[in-house]
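Each chain, written out:
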Amino acid sequence: MRKPFGLWALLALLSGLALAQNTDSHTVTVKIPPVLQLSLDATDYLFDFTDATLQGTETVTVGNIPYTKASLAAYLNFLDSGGPTQDFAPTSLGGTTNAYGTVTVLTNRGQWTVKIDSIGGTLTLGNDRVKVFAEKVSGKGSSLTPSPTPIASDLPLFGAGSVGQGKSVYKLYYLFTMDISDDIPLAGLNESITLNLLLSSP
């Protein structure tokens, strides 16, 4: 016996409604880590005023100003000139062939700062004889030491106030100030301090 056409239509409609009521769900999960990476290639800034291999005329340009590299000849010239003070560039750097250290920051934070977090040790002539200067090469932010500045704990060097995401590269220079009135002991001085850099973000 043939079913009426209306009955077939009703069955098809009910079947369609049943299929439409079948649902499922799933989740989409995204995990993103906070990235704050800091690296400095230089391992040692050496100011060697006993170095006899240099002529005393070698210079390093820091902030468009040439500074004489520390050496015995340069130190004797300084003493002969009568001072009173002079800033010297390092004789050499460990970890790089450049006259500066290269600091690389990699981050997905918009706001960040690189600073001298702490200083280990004390120089006889004073830690403030060491001056630091950061120069932007590429990336985000700006230098917070636009001229050579005496080092100190918590001293900001460079950073970004906003939109600082990505890779940023800065040159990091150090200078050392000699004073004609320094009374150097007969044994001489051979000292070092350790500077710890910190990259932070609020």
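These numbers come from a predicted model, not from an experiment.

Asks: Before we go on, may I ask you to explain the packing of aromatic side chains in this structure?
Replies: Inspection of every chain in the model, using the stated rule, returns 11 aromatic pairs. Both rings, one in Trp112 and one in Phe158, keep their centres 6.2 Å apart while their planes meet at 85 degrees; by these two values the pair is edge-to-face. On the criterion of sequence distance, the pair formed by Trp112 in strand β8 (residues 112-120) and Phe158 in strand β12 (residues 155-160) is long-range, its members being 46 residues apart. Each residue in the set Phe47, Phe49, Tyr75, Phe78, Phe88 and Phe176 is aromatic and connected to the rest through ring pairs, giving one cluster.

Asks: Honestly, the sheet that holds β12 in this entry has me stumped. Any pointers?
Replies: One key point about sheets: their strands pair by backbone hydrogen bonds, in either a parallel or an antiparallel sense. The strand order across the open sheet formed by 4 strands is β10-β12-β8-β14, and the pairing between neighbours is antiparallel. Single-partner strands in this sheet number two, and they are β10 (142-143) and β14 (194-200). For β8 and β12, the ladder comprises 5 bridges, and the chain directions are antiparallel. For Ile116, the partnering residue across the bridge sits in β12 and is Leu155.

How each quantity is defined
- Residues numbered from 1 in each chain as written.
- Predicted model: local features only at pLDDT ≥ 70, side-chain atom pairs only at ≥ 80, totals over all residues.
- Heavy atoms only, no water.
- Phe/Tyr/Trp six-rings, centres within 6.5 Å; stacked < 30°, edge-to-face > 60°.
- Helix = DSSP H or I, 4+ residues; strand = E, 2+ residues; numbered from the N terminus.
- Pairing = 2+ DSSP bridges.

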